[in-house]
Amino acid sequence: MPATELKVTSAGTVAGKELLIPTGEQGTTMPHVQDWVTGRLKAKSPVKDVSSTVLVKGIKQWAAYEEKVGGKKIRTVFKIT
C-alpha cells in the first residue's frame, strides 16, 4: 500500500487521543510505509508506532511514528492509500 508523508498540526485531544489536522502539504510517497521504517532502523534511529494514540482529521487510514532527534521528539504521519 502506497504511503504519503503528511505535514500535520495538533488541535488538542478528542476521546483521549491527540487530534492532528493535515496542513495540505504532502511529502514523499513511497511504495510502503515499512520502507521508511526500515530506512530509519538502518540509520540507527529507532521509531515507535503511535498510530493508536492519534486521530488524523479527514484521513481514513494513517500510520504515525515518533522518534527522538537530539532532545526532542519528532512525529511523522503517513496517509495510507
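Residues numbered from 1 in each chain as written. Predicted model: local features only at pLDDT ≥ 70, side-chain atom pairs only at ≥ 80, totals over all residues. Heavy atoms only, no water.

A. Up close: the pairing of strand S1 (residues 3–14). With eight bridges joining them, S1 and strand S2 (residues 17–30) adopt antiparallel strand pairing. The residue bridging Ser10 from the neighbouring strand is Leu20, located in S2. Bridge count for S1 against strand S6 (residues 72–80) is four bridges, and the pairing is antiparallel. Note that in S6 the partner of Glu5 across the bridge is Phe78. (Pairing = 2+ DSSP bridges. Helix = DSSP H or I, 4+ residues; strand = E, 2+ residues; numbered from the N terminus.)

B. Fine view of helix H1 (residues 33–42). Within the sequence span of H1, burial applies to Val33, Trp36 and Val37. Taken end-on, H1 shows its buried residues confined to a sector of 95°, consistent with a single buried face. On its buried face, H1 is in contact with S1, S2, strand S3 (47–49), strand S5 (62–69) and S6. Lys44, located one to two residues past H1, shows a positive phi value of around 60°. (Buried < 20%, exposed > 50% of the residue type's maximum accessible area, 1.4 Å probe, protein only. Arc of directions from axis to C-beta. Contact = heavy atoms within 4.5 Å.)

C. Highlighting the nonpolar core. By size, the foremost hydrophobic cluster in this structure holds nine residues: Ala3, Met30, Val33, Trp36, Val37, Ala63, Tyr65, Phe78 and Ile80. Counting only elements with at least two residues in this core, the list comes to H1, S5 and S6. Here the element with the most residues in this core is H1; it accounts for three residues. When near neighbours in sequence (up to four residues on either side) are disregarded, Trp36 contacts Met30, Val47, Tyr65, Glu67, Thr76 and Phe78. Core analysis: the second largest hydrophobic core is formed by eight residues, Leu6, Val50, Ile59 and Ala64 among them. (Core = buried A, V, L, I, M, F, W, Y, C linked by side-chain atoms within 4.5 Å.)

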